[in-house]
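What the coordinates show
The primary structure of each chain is shown beneath.
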Amino acid sequence: MGMSERINEIRTILTNELEQAETTQLLDNLRVRILGKKGELTALLRGMGQLSPEERPQAGQLINEARESFTAMLDEKLAVLKAKEREEALKREAIDVTQPVDLPAEGGEHPITLVMNEMIDCFTGMGFEVVEGPEVELDHYNFELMNIPKNHPARDAQDTFYIDDNIVLRTHTSPIQARTMLSRKPPIRVICPGRVYRADEMDATHSPVFHQMEGLVVDKDVNMADLRGTLNAFAERIYGKGITTRFRPSFFPFTEPSTEVDLTCAACHGKGCRVCKGTGWIEVLGGGMVNPKVLADCGIDPEIYSGFAFGIGLERIAMQRYSIPDLRLLYEGDVRFLNQFR
Ligand code: PHE
């Protein structure tokens with residue numbers, strides 16, 4: 001068979017195959033099959049060695065022309081396929097912006113978290129810093145450094161979850177006072193929010209796990225009026241204008257003097273109602289001046305420094321604020337209850 005016949009044969013194959021090549025991938029394969037190193041046309045070029053010297057130039061020219069023309073054919077088809085593939089990709093990837101979307105169900109914050117964050121906002125605005133401590137706590141910090149000696153009733157196994165002789169689930173956030181005083185120098189101004197544990201049966205007003213926020217200020221010349229002013233600012237911020245505090249004498253081993261602090265009942269604004277049992281006041285926290293013995297045990301000289309501390313029960317605040325009648329609602333995880341706070 002002559003060279004030009006052979007080339008025509010290849011051209012026929014190429015023409016047929018081109019018609020059938022539907023993708024750029026198939027087209028690539030075809031290009032390799034015809035023009036590649038082991039391709040059909042390349043084979044003709046290799047075979048030229050068998051031709052007589054007179055035949056060679058003409059054969060070479062035919063092959064080169066064929067290569068050019070075949071390349072052009074392949075390129076032409078390639079352009080067509082590429083355009084087609086681009087078109088298809090655009091169609092496939094098109095986003096219908098008018099289609100309604102299914103938004104994932106959105107969670108909300110738990111009422112305790114809402115109250116905690118609001119209180120953090122309030123106190124950080126007054127220059128307090130948030131610090132935390134462990135829930136599994138050493139007896140040493142939870143009791144000993146808080147001036148709660150070995151035989152104090154607060155240590156009664158009834159109230160405290162003991163892990164072993166030296167380790168407890170913290171019964172209040174006060175151990176963070178000790179941890180803070182031992183690790184920082186005055187001036188100290190911190191709040192410490194967190195979970196605390198007491199061996200109480202669960203009922204409408206008690207839970208074995210609840211939340212407190214401790215406050216501690218230690219500096220020169222800190223006095224009870226500073227505590228009062230701080231808590232009054234807090235009361236107004238959380239409950240609104242006209243809400244103030246009432247201090248009643250109390251006792252805590254780690255403060256001296258100690259006070260129980262009531263807030264104006266937000267439900268009746270002090271007139272007296274069912275919520276406050278007619279008194280006009282709601283008890284929400286304990287506080288006082290840090291006992292000089294506690295300061296000294298925590299490495300702070302009580303001759304130079306004084307401090308105040310307070311501990312606020314978050315559940316009380318949340319229940320008052322959202323009119324929640326039963327503490328258990330806060331822990332049961334009932335979505336019908338929780339959905340109201342989204
Ligand atoms: N730790 C006390 C309690 O749990 C509250 C408190 C904190 C009182 C700081 C005085 C000072 O009841």
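Predicted, not measured: the structure shown is a model, and the values here were computed from it. (Residues numbered from 1 in each chain as written. Predicted model: local features only at pLDDT ≥ 70, side-chain atom pairs only at ≥ 80, totals over all residues. Heavy atoms only, no water.)

**Here's the deal with the site of the ligand**
The environment of the ligand is made up of 14 residues, and the closest members are His 172, Ser 174, Arg 198, Gln 212 and Glu 214. The side chain of Gln 212 places a nitrogen or oxygen atom 2.9 Å from an oxygen atom of the ligand. Alone, the ligand offers 330 Å² of accessible surface; in the complex the protein occludes 89% of this. Breaking the shell around the ligand down by element, the ones donating at least two residues are strand E5 (209–219), strand E8 (281–290) and strand E9 (306–313). (Near = heavy atom within 4 Å. Polar contact = N/O pair within 3.5 Å; in protein donor to acceptor, adjacent residues only side chain to side chain. Areas by Shrake-Rupley, 256 points an atom, 1.4 Å probe, with all protein chains shown as cover. Helix = DSSP H or I, 4+ residues; strand = E, 2+ residues; numbered from the N terminus.)

**A closer look at the side chain of Thr 24**
Inspection of the secondary structure assignment puts Thr 24 in helix H2 (residues 24–35). The residues touching Thr 24, leaving out its near neighbours within four places in the chain, are Leu 78, Leu 81, Lys 82 and Glu 85. (Contact = heavy atoms within 4.5 Å.)

**Considerations on the packing of aromatic side chains**
As enumerated under the stated definition, the model contains seven aromatic pairs in all. With a centroid separation of 5.3 Å and 20 degrees between ring planes, the pair formed by Phe 123 and Phe 234 is classed as stacked. Taken together, the positions of Phe 123 in helix H5 (residues 111–125) and Phe 234 in helix H8 (residues 224–239) put the pair 111 residues apart, joining distant regions of the chain. Of the two residues examined, Phe 123 and Phe 234, each falls in the buried class. Each member of the aromatic cluster is reached from another via a ring pair, and the members are Phe 123, Phe 128, Phe 234, Phe 308 and Phe 310. Its guanidinium or amino end placed over the ring of Tyr 141, Arg 179 lies 4.1 Å from that ring's centre, counting from NZ or CZ. (Phe/Tyr/Trp six-rings, centres within 6.5 Å; stacked < 30°, edge-to-face > 60°. Buried < 20%, exposed > 50% of the residue type's maximum accessible area, 1.4 Å probe, protein only. Lys NZ or Arg CZ within 6 Å of the ring centre and 35° of its normal.)

**Let's talk about the sheet that holds strand E1 (residues 129–130)**
A sheet is described by the order of its strands in space; here seven strands give the open sequence E1-E4-E5-E9-E8-E7-E6, paired in mixed fashion. Looking at strand neighbours, the two that pair on one side only are E1 and strand E6 (245–252), the edges of this open sheet. The pairing of strand E7 (residues 255–264) with E8 spans eight bridges and is classified as antiparallel. Bridge pairing in E8 links Thr 259 to Gly 287. Across the sheet, H8 is in contact with E6, E7, E8 and E9; its angle to E6 comes to roughly 125 degrees. (Pairing = 2+ DSSP bridges. Axes fitted to C-alpha atoms, helices over the stretch in contact; angles between N-to-C directions.)

**With respect to the packing of helix H1 (residues 3–20) against helix H3 (residues 40–47)**
Orientation of H1 relative to H3, taken along the N-to-C sense of each, is 165 degrees, at an axis distance of 10 Å. Looking at the two axes, H1 sits roughly antiparallel to H3. H3 is crossed by H1, and the crossing has right-handed handedness. Residues Met 3, Arg 6, Ile 7, Ile 10 and Ile 13 of H1 form the contact with H3, whose participating residues are Glu 40, Leu 41 and Leu 44. Classifying every residue of the contact of H1 with H3 by side-chain character gives six nonpolar, no polar and two charged. (Parallel < 35°, antiparallel > 145°, perpendicular 65-115°, else oblique. Left-handed = near helix turned anticlockwise from the far one by under 90°. Nonpolar A, V, L, I, M, F, W, Y, C, P; charged D, E, K, R; others polar.)

**A closer look at the domain arrangement of the chain**
Each domain of the chain was delimited in the assignment, giving domain 1 (3–93) and domain 2 (111–338). If you average the C-alpha positions of domain 1 and of domain 2, the two centres end up 86 Å apart. (Domains from an automatic or database assignment.)

**Examining the pattern of salt bridges**
Scanning all chains against the criterion turns up 19 salt bridges. Of the charged contacts in the structure, one is a salt bridge between Glu 129 and Arg 184, with a shortest N-O distance of 3.1 Å. Note that Glu 129 is positioned in strand E1 and Arg 184 in the loop between helix H7 (175–183) and strand E4 (188–197), a separation of 55 residues in sequence. Assessed through its relative accessible area of 41%, Glu 129 is described here as partly exposed. Since its relative accessible area comes to 31%, Arg 184 is described here as partly exposed. Taking the shortest distance from any N to any O, the salt bridge between Lys 241 and Glu 236 comes out at 3.3 Å. Classification of Lys 241 by relative accessible area gives exposed; the value is 69%. (Salt bridge = Lys/Arg side-chain N within 4 Å of Asp/Glu carboxyl O.)

**Notes on the pairing of E8**
The element E8 is extensively covered by neighbouring structure, given that eight of its 10 residues are classed as buried. Of the pairings in the sheet, the one linking E8 to E9 comprises five bridges and is antiparallel in character. From the neighbouring strand, Met 289 faces E9, where its bridge partner is Phe 308.

**A short note on the packing of H1 against helix H4 (residues 56–93)**
Their axes nearest at 11 Å, the elements H1 and H4 cross at an angle of 5 degrees. By the angle between their directions, the pair H1 and H4 is classed as roughly parallel. Note on element contacts: H4 touches H1 through Ala 59, Leu 62, Ile 63, Ala 66, Ser 69, Phe 70, Met 73, Leu 74 and Lys 77, opposite Met 3, Ser 4, Ile 7, Ile 10, Arg 11, Leu 14, Thr 15, Leu 18 and Glu 19. Within the contact of H1 with H4, the residues separate by chemical class into 12 nonpolar, three polar and three charged.

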